[in-house]
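# Commentary on secondary and tertiary structure
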Amino acid sequence: MRTIALAVMAVTAISFSLNVTALNAKESDGRAGNWKKGAQGAPNLEKARKLVKDKPDSADAHNDLGWALRQNGKMKEAENELRKALELDDKIPYAHSNLSVVLLDTGRPDEAIKEGRRACAIDEKQAIYHVVLGNALAAKKDYEKAANEYNYALQLKPDYENALYNLGRILYDQGKRAEAGSVLGEALKLDPDDGRVLEILDKIVEK
């Protein structure tokens, strides 16, 4: 099937526009998401708990613990920690973005959209926040606005494989197979081992 998936890049050579997500996106400290493998990094859970104990008034500490909890499947605790971070400092965009992810994980896309928009409003230059918002909008089937967010993320970071994957995914969901194949082909160039991309490309060829 992999050969089939790779072949679709040639048969779906249609141009697409990049004109128009969290994931702890503080890239300066090395904890930005590893989107290529579909898993975002997080601080060690026990170390994050200790940091909150040592610095209970640190919004960053609560944010990091919230994301570590999410990565360990502890969604309610994660939400509580992220909300605590925002009580301490409502202007840290990564906590809003992380909370958006948790809310979407727990089936609350409307709330996720609100938090995603808040993150983008605080710092519109972080591509990861736009992908997170796009994912929440896509969950509501608001595909046009979701595509705008993914495309804006790609304007900011043209080699953003996860943005390409999500854009291709919603194009496929809308039945736009040729456009989806083109976008996913670009994603595959950046990460030939992304199983999510290969799965959709195989489906496009099979049809």
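Scroll up for the structure.
Residues numbered from 1 in each chain as written. Predicted model: local features only at pLDDT ≥ 70, side-chain atom pairs only at ≥ 80, totals over all residues. Heavy atoms only, no water.

## Details of the pattern of salt bridges
For the structure on display, the rule yields 15 salt bridges. The partner of D54 in a salt bridge is K50, and the shortest N-O contact between them spans 2.8 Å. With D54 and K50 both in helix α2 (residues 45-54), this residue pair falls four residues apart, about one helical turn. For D54, a relative accessible area of 48% translates into the label partly exposed. Measuring nitrogen to oxygen at the nearest pair gives 2.9 Å for the salt bridge that ties E79 to R83. (Salt bridge = Lys/Arg side-chain N within 4 Å of Asp/Glu carboxyl O. Helix = DSSP H or I, 4+ residues; strand = E, 2+ residues; numbered from the N terminus. Buried < 20%, exposed > 50% of the residue type's maximum accessible area, 1.4 Å probe, protein only.)

## What about the packing of aromatic side chains?
One pass over the structure, following the stated rule, counts zero aromatic pairs. Seen from the ring of Y165, R196 lies directly overhead, with NZ or CZ sitting 3.9 Å from the centre. (Phe/Tyr/Trp six-rings, centres within 6.5 Å; stacked < 30°, edge-to-face > 60°. Lys NZ or Arg CZ within 6 Å of the ring centre and 35° of its normal.)

## Considerations on the nonpolar core
If you look at the biggest cluster of nonpolar residues, it comprises 54 residues, and the most contacted ones within it are Y160, L167 and I170. Looking at this core, the element that brings in the most residues is helix α7 (residues 127-139), giving eight residues. If sequence neighbours within four positions are ignored, I170 has contacts with A138, Y143, A146, A147 and Y150. (Core = buried A, V, L, I, M, F, W, Y, C linked by side-chain atoms within 4.5 Å. Contact = heavy atoms within 4.5 Å.)

## With respect to the packing of helix α9 (residues 161-173) against helix α10 (residues 177-190)
Their axes nearest at 8 Å, the elements α9 and α10 cross at an angle of 160 degrees. With respect to α10, the element α9 is oriented roughly antiparallel. Note that α9 runs across α10; the crossing there is left-handed. Across the interface between the two elements, E161, L164, Y165, L167, G168, R169, L171 and Y172 of α9 pack against E179, A180, V183, L184, E186, A187 and L190 of α10. Of the residues assigned to the contact of α9 with α10, the class counts are 10 nonpolar, one polar and four charged. (Axes fitted to C-alpha atoms, helices over the stretch in contact; angles between N-to-C directions. Parallel < 35°, antiparallel > 145°, perpendicular 65-115°, else oblique. Left-handed = near helix turned anticlockwise from the far one by under 90°. Nonpolar A, V, L, I, M, F, W, Y, C, P; charged D, E, K, R; others polar.)

As far as function goes, none of this settles anything; it's purely spatial.
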